[in-house]
Amino acid sequence: FNKEGFNSGNGTFSVDGKRFYFTRCKNNWKNKMICGIYLSNKGDDGAWSEPVALNEKINNPKYASTQPAASIESIKQNEVVYFVSDRPGGKGGLDIWFFIYDFKNKTYSEPKNAGSKINTTADEITPYYDQDNRTLYFSSNGWAGLGGLDVFKSYGEMKKFSPPENIGAPVNSTNDDLYYVEGKNKADGFFVSNRKGGAALKKNPTCCDDIYSFKRLQ
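As a starting point, this report considers the structure included with it.

Rules used throughout
- Residues numbered from 1 in each chain as written.
- Predicted model: local features only at pLDDT ≥ 70, side-chain atom pairs only at ≥ 80, totals over all residues.
- Heavy atoms only, no water.
- Helix = DSSP H or I, 4+ residues; strand = E, 2+ residues; numbered from the N terminus.
- Contact = heavy atoms within 4.5 Å.
- Disulfide = S-S within 2.5 Å.
- Pairing = 2+ DSSP bridges.
- Buried < 20%, exposed > 50% of the residue type's maximum accessible area, 1.4 Å probe, protein only.
- Phe/Tyr/Trp six-rings, centres within 6.5 Å; stacked < 30°, edge-to-face > 60°.
- Axes fitted to C-alpha atoms, helices over the stretch in contact; angles between N-to-C directions.

Here Y155 is to be found in strand β12 (residues 150-157). Put simply, Y155 and Y137 are 18 residues apart on the chain and 8.9 Å apart in space, counted from C-alpha to C-alpha. Discounting residues that sit within four places of it in the chain, Y155 has contacts with N133, R134, T135, K160, F161 and S162.

Rendered as structure tokens:
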């Protein structure tokens, strides 16, 4: 999965665990970081295939395509992958988009914007989809929050979502809170934050991102 000269990260497994999406990023000639989404398949022998880049409808070479989050749509049971991009056609800044993989035809759809129930003129990033509860979690600095990037949740799929709900403290703080994910039992999970109390070393108290865990009390 790792390749010299690229930054690799933001991995997500398909719901059945047989497909692995991740991103490779590199600065272009304008020194802009461009990320593309890659896919590796798990074979019957348990080995992962050589990663391949998705097509240019998804990986527009002029814009970022990153932070994939895989799910299954409720009606046709095809794979839906939410991702983040600054491509034209969005609401502004970084938006959450999605594309569909048709299992029968083995084809990828044209990416679509997740819409104004999710995206604002600011940034929406780090999507995570709870397949069991049909809930999209994401971070935004465009919706009303406690400060910086906050984690929000919205029920639905693709372009049909309920109004975002701020999940509140203690996950959200007056600083940036992002990369929210839950464990399989829904009772615990992880997120990233630069809140005070982290490993700031000798820099300012909110300089750096740390990984935090949480556990639900009820």
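Let us look at the state of the cysteines. Evaluated as defined, the whole model comprises two disulfides. Here C207 connects covalently by a disulfide to C208, the sulfurs 2.2 Å from one another. An S-S torsion of about -85° defines the bridge between C207 and C208 as left-handed. For the protein chain, the disulfide bridges join cysteines in the arrangement 1-2, 3-4, where the cysteines are counted in sequence order.

Neighbouring strands of a sheet are bound in pairs by backbone hydrogen bonds; such pairs are parallel or else antiparallel. With antiparallel pairing, four strands are arranged side by side in an open sheet as β1-β2-β3-β4. The open sheet is flanked by β1 (7-13) and β4 (52-53), the only strands paired with a single partner. In this structure, β1 lies alongside strand β2 (residues 19-27), joined through five bridges in antiparallel fashion. Bridge pairing in β2 links F13 to F20.

This part takes up the pairing of β12. Within β12, seven of the eight residues are buried, which leaves the element mostly enclosed by the surrounding structure. Direction of pairing for strand β11 (residues 135-140) relative to β12: antiparallel, over a ladder of six bridges. Of the residues in β12, the one forming a bridge with T135 is Y155. Where β12 lies against strand β14 (residues 165-166), two bridges are found, and the strand directions are antiparallel. Bridging across to β14, K153 finds its partner in E165. Examined bridge by bridge, β12 and strand β13 (residues 160-161) share two bridges and lie antiparallel to one another. Looking across to β13, one finds that E157 is bridged to K160. As consecutive antiparallel partners, β12 and β13 are separated by two residues, and within that stretch M158 has a phi angle of approximately 55°, a positive value.

This part takes up the packing of aromatic side chains. Summed over all chains, the structure comprises 23 aromatic pairs. An angle of 10° between the planes, with centres 5.2 Å apart, marks the rings of Y180 and F214 as stacked. Residue Y180 is found in strand β15 (residues 177-182), and its partner F214 is found in strand β17 (residues 210-215); the two are separated by 34 residues along the sequence. Consider the rings of F191 and F214, whose centres lie 6.4 Å apart with planes at 40°: the pair is tilted. In this pair, F191 sits in strand β16 (residues 188-193) while F214 sits in strand β17, placing the two residues 23 residues apart along the sequence.

Turning next to the sheet that holds β16. Strand order across the open sheet formed by three strands is β15-β16-β17, with antiparallel pairing between neighbours. Bordering the open sheet on either side are β15 and β17, each of which pairs with just one other strand. Pairwise comparison of adjacent strand axes, ignoring direction, gives a mean angle of 25° for this sheet.

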